[in-house]
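# Overview (structure and organization)
Each chain, written out:
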Amino acid sequence: MLFILFGSITMAAALRMAVPLILSSIGGCFGDRTGIFNIALESFMLCAAFFATLGTYYAGSPYVGVLCGIAAGLFCAVLFGVFVFHLGSSGMVVSIAMNLGMDAFTSFLLLHLFGKRGSFMDPRLVSLPVIRLPFVHQIPYVGEVLGRHNIIVYLTLFAVIGTWIAMYKTPFGLRLRSVGINEKAAQPTGTNVLRYKWYAVLITGFFVGAAGAVLPLGGTSVFTENMSAGRGFLAVAAIMIARGNPVLAALFSFMFAYAQALAASMQNFGIPSQIVLALPYVLTIVVLLASGISARRRGSSFEH
């Protein structure tokens, strides 16, 4: 049983599955810290997954596909920003509309561009190549978990630290967090509130776009309808629990991915598939509940 819980196969799979969640959550932390209500990460990710597939199909290069995915994520961010910042729409309404509409939009494009429904596979869809880290892959257990992944996995690990430094150790991060704490107090200091909100939503689009590109290009070489499959909502949950801290959001994202990897391993033990598939989402609810109880206790202790 310990081999299933902490085995190198489970942990390596958890790391691969965590990458889209981690990228989405650390990007979304910037929007959260500026006070932007954005639960449209699901639509950002799905759009990026489709256009990463499209870019790879026509260019024959997964790196071009990743760039197309990032561009799609940025486009979704601009669309969200225009409606919320300039047209005065509710962030919740825009998020719901984008989440519902993107599923239909990508299915429509899949049918009319490729003539397929459900899923699309083609020899021209090439996944990102696996990189073997020198020396690391020779270390027992550590090498099996960390030694063989694509470049996005390794860049994600650096991105977690980089976003934390940008958030908490730079003037940019200080101004961005001040906008989320109190817009009116931030303005007299010379901080352009609208500009920093745009920075935040574009950063979110960049990272979620990269996350979406990993879905079809991270090893599967296939695009399926509704490929994001709730990962955007899991990322939103991680952001909420972490209170906008990129490192904590990444840790919670890995926890959710670990539950998914563990669920896949548990299918070999005859456990009903419905229970196995529900495990990551049950864990999300449990963590959210525990976080809410902890926050209420802290609030009551301050009052006393």
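Residues numbered from 1 in each chain as written. Predicted model: local features only at pLDDT ≥ 70, side-chain atom pairs only at ≥ 80, totals over all residues. Heavy atoms only, no water.

Looking only at helices and strands, the protein features 13 helices and four strands. By the compact-globule yardstick of 19 Å for 304 residues, the protein fits well, its C-alpha radius of gyration being 20 Å. Looking at the 304 residues of the protein, the share that counts as buried comes to 48%. Just so you have it, the protein exposes about 15,000 Å², and 70% of that area is on carbon and sulfur atoms. Side chains of the protein give 18 positive and 8 negative charges; the mean places of these two sets differ by 8 Å. (Helix = DSSP H or I, 4+ residues; strand = E, 2+ residues; numbered from the N terminus. Rg over C-alpha atoms; globule rule 2.2 N^0.38 Å. Buried < 20%, exposed > 50% of the residue type's maximum accessible area, 1.4 Å probe, protein only. Areas by Shrake-Rupley, 256 points an atom, 1.4 Å probe, with all protein chains shown as cover. Lys, Arg positive; Asp, Glu negative; His and termini not counted. Charge placed at Lys NZ, Arg CZ, Asp CG, Glu CD.)

Moving on: the layout of surface pockets. Roughly 290 Å³ of internal volume is contained in the largest pocket. Looking at the lining of the largest pocket, the elements with two or more residues in it are helix H2 (8–33) and helix H10 (193–217). Top element by residues in the lining of the largest pocket is H2. It accounts for three residues. A class-by-class count of the residues in the lining of the largest pocket yields six nonpolar, six polar and two charged. (1 Å grid on protein atoms, 1.4 Å probe; cavity = no way out; pocket = protein on both sides within 12 Å on 5 of 7 lines; lining within 4 Å. Points joined across faces, edges and corners; volume = space filled by probe spheres on them. Nonpolar A, V, L, I, M, F, W, Y, C, P; charged D, E, K, R; others polar.)

Another aspect to go through is the packing of aromatic side chains. In this structure the tally under the stated criterion is 13 aromatic pairs. Between the aromatic rings of Tyr57 and Phe114, the centroid separation amounts to 5.0 Å while the plane-to-plane angle is 75 degrees, which identifies the pairing as edge-to-face. Within this pair, whereas Tyr57 is found in helix H3 (residues 41–59), its partner Phe114 is found in helix H5 (residues 91–114), the two being separated by 57 residues in sequence. Residue Tyr57 shares its accessibility class with Phe114, and that shared class is buried. A ring pair is formed by Phe206 and Phe207, whose centres lie 5.4 Å apart and whose planes are at 90 degrees; its orientation type is edge-to-face. The rings of Phe50, Phe51, Tyr57, Tyr58, Phe114, Phe120 and Phe223 are connected pair by pair, giving a single aromatic cluster. (Phe/Tyr/Trp six-rings, centres within 6.5 Å; stacked < 30°, edge-to-face > 60°.)

What follows deals with the side chain of Ser127. With respect to the helices and strands, the residue Ser127 is situated in the loop between strand E1 (119–121) and strand E2 (130–132). By relative accessible area, Ser127 is classed as buried at 15%. Among the polar contacts made by the side chain of Ser127, one reaches the main-chain amide nitrogen of Gly219 at a distance of 3.4 Å. One polar contact links Ser127 to Ser221, side chain to side chain, over a distance of 2.4 Å. (Polar contact = N/O pair within 3.5 Å; in protein donor to acceptor, adjacent residues only side chain to side chain.)

Closest axis-to-axis distance for the helix H4 (residues 62–86)/H10 pair is 7 Å, and the angle between their directions is 145 degrees. For the element pair H4 and H10, the recorded crossing hand is right-handed. A breakdown of the residues in the contact of H4 with H10 according to their chemical character gives 17 nonpolar, seven polar and one charged. (Axes fitted to C-alpha atoms, helices over the stretch in contact; angles between N-to-C directions. Left-handed = near helix turned anticlockwise from the far one by under 90°.)

A word on the confidence of the model for the protein. Caution applies to low-pLDDT regions: their predicted coordinates should not be interpreted in detail. The predicted model of the protein has a mean per-residue pLDDT of 87, with 91% of residues at 70 or higher. Least confident of the elements in the protein is helix H1 (residues 2–6), whose mean pLDDT is 61; most confident is H4, at 96. (pLDDT = per-residue confidence, 0-100.)

Before going further, it helps to examine helix H7 (residues 151–168). With 18 residues, H7 should reach 26 Å at 1.5 Å per residue; the first-to-last C-alpha distance of 26 Å fits that figure. Phe158 marks where H7 bends most, by close to 25 degrees. Of all the positions in H7, only Ile152, Val153, Tyr154, Thr156, Ala159, Val160, Thr163 and Met167 are classed as buried. Two or three places before Ile152, at the start of H7, stands the capping residue Asn150, its side-chain oxygen 3.0 Å from that residue's backbone nitrogen. (Expected span 1.5 Å × (residues − 1). Bend = angle between axes of the 7 residues up to and from the residue.)

To continue, consider the pattern of salt bridges. Per the stated rule, a full pass over the model turns up three salt bridges. With a closest N to O distance of 2.5 Å, Glu183 and Lys197 form a salt bridge. In this pair, Glu183 is assigned in helix H9 (residues 183–186) and Lys197 in helix H10, connecting sequence segments 14 residues apart. Given a relative accessible area of 15%, Lys197 falls into the buried group. (Salt bridge = Lys/Arg side-chain N within 4 Å of Asp/Glu carboxyl O.)

Compared with the 34 Å implied by 1.5 Å per residue over 24 residues, the 33 Å span of H5 between its first and last C-alpha is a close match. The principal kink in H5, of about 25 degrees, is found at Gly101. When we look at burial in H5, the residues that qualify are Gly91, Val94, Ser95, Met98, Asn99, Met102, Thr106, Ser107, Leu109, Leu110 and Phe114. Looking at the packing, one finds that the buried side of H5 touches H3, H4, E1, strand E4 (222–224) and helix H11 (231–242). For H5, the N-terminal capping position is held by Ser90, with its side-chain oxygen 3.3 Å away from the main-chain nitrogen of Met92. One or two positions beyond H5, positive phi appears at Gly115, with a value near 65 degrees. (Contact = heavy atoms within 4.5 Å.)

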